[in-house]
Amino acid sequence: MQITIDEKTRIRGTEHCWQLERARIVKGAPEWRATKYFTTVALALQEAAQHEIRTTPATGLIEAIKVCEAVMEKYGRIFDDVGKFPREAE
């Protein structure tokens, strides 16, 4: 299984674990590399969301709350779309 978070981040299931992968562009195409490994998909999603929140350049409490809300909404949509065919997903 593969869960695309955005154009540079995805979670991919393997036979032994869940991998958080990041892409870098090589010769015009993304090259995916695992950066962390998890025993559950929930832990992998949690790390991806926390990374996104940590690395957002919010400078105050109001901005931080807005970023957290936006990330929660984004990951909620990802969960809603899991198992749908691409044309069915929003």
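Above this note sits the structure.
Keep in mind that this is a model prediction, so the values were computed, not measured.

Q: Would you explain the overall build of the protein in this entry?
A: If you tally the helices and strands in the protein, you get 2 helices and 4 strands. Listing every helix and strand of the protein by position from the N terminus yields β-β-β-β-α-α. By residue count, 28% of the 90 residues in the protein fall in the buried class. Partitioning the contacts of the protein with sequence separation of at least 6, the portion at a separation of at least 24 is 24%. For the protein, the exposed surface amounts to about 6600 Å²; the carbon and sulfur share of it is 57%.

Q: Help me out: how do you make sense of the nonpolar core in this one?
A: Note on soluble globular proteins: their nonpolar side chains tend to be buried together. Counting residues in hydrophobic clusters, the biggest one holds 14 residues, and the most contacted among them are Ile5, Ile11 and Tyr75. Listing elements by their share of this core, those giving two or more residues are β1 (2-6), β3 (18-26), α1 (41-54) and α2 (61-81). In this structure, Ile5 is in contact with Arg10, Ile11, Leu45, Glu52, Lys74, Tyr75 and Ile78, ignoring residues within four places of it in sequence.

Q: Looking at this structure, I do not really get the sheet that holds β1. What am I missing?
A: Hydrogen bonds between backbone groups are what pair the strands of a sheet, and the pairing can be parallel or antiparallel. An order of β1-β2-β3-β4 is seen for the 4 strands of this open sheet, with the pairing classed as antiparallel. Single-partner strands in this sheet number two, and they are β1 and β4 (29-38). Neighbour to neighbour, the strand axes of the sheet diverge by 25 degrees on average, direction disregarded. Relative to strand β2 (residues 9-13), β1 runs antiparallel, the two being bridged by 4 bridges. The residue bridging Thr4 from the neighbouring strand is Arg10, located in β2. Contacts from α1 reach β1, β2, β3 and β4 within the one sheet, and its direction differs from that of β3 by about 45 degrees.

Q: Would you mind showing me how to read the side chain of Gln19 here?
A: Along the polypeptide, Gln19 turns up in strand β3. On the accessibility criterion, Gln19 (11% relative accessible area) is buried. A distance of 2.7 Å separates a polar atom in the side chain of Gln19 from a polar atom in the side chain of Glu21. Excluding its chain neighbours within four sequence positions, the residues that come into contact with Gln19 are Arg10, Ile11, Arg12, Thr14, Ala34, Lys36 and Tyr37.

Q: Help me understand unusual backbone geometry, please; the structure alone is not making it clear to me.
A: The phi angle of most residues is negative, glycine excepted, and most peptide bonds adopt the trans form. Of note, Lys27 is a non-glycine position whose phi angle comes to about 55 degrees, a positive value. Within the secondary structure, Lys27 is located in the loop between β3 and β4. Under the relative-accessibility criterion, Lys27 is labelled exposed at 86%.

About the thresholds
- Residues numbered from 1 in each chain as written.
- Predicted model: local features only at pLDDT ≥ 70, side-chain atom pairs only at ≥ 80, totals over all residues.
- Heavy atoms only, no water.
- Helix = DSSP H or I, 4+ residues; strand = E, 2+ residues; numbered from the N terminus.
- Buried < 20%, exposed > 50% of the residue type's maximum accessible area, 1.4 Å probe, protein only.
- Contact = heavy atoms within 4.5 Å.
- Areas by Shrake-Rupley, 256 points an atom, 1.4 Å probe, with all protein chains shown as cover.
- Core = buried A, V, L, I, M, F, W, Y, C linked by side-chain atoms within 4.5 Å.
- Pairing = 2+ DSSP bridges.
- Axes fitted to C-alpha atoms, helices over the stretch in contact; angles between N-to-C directions.
- Polar contact = N/O pair within 3.5 Å; in protein donor to acceptor, adjacent residues only side chain to side chain.

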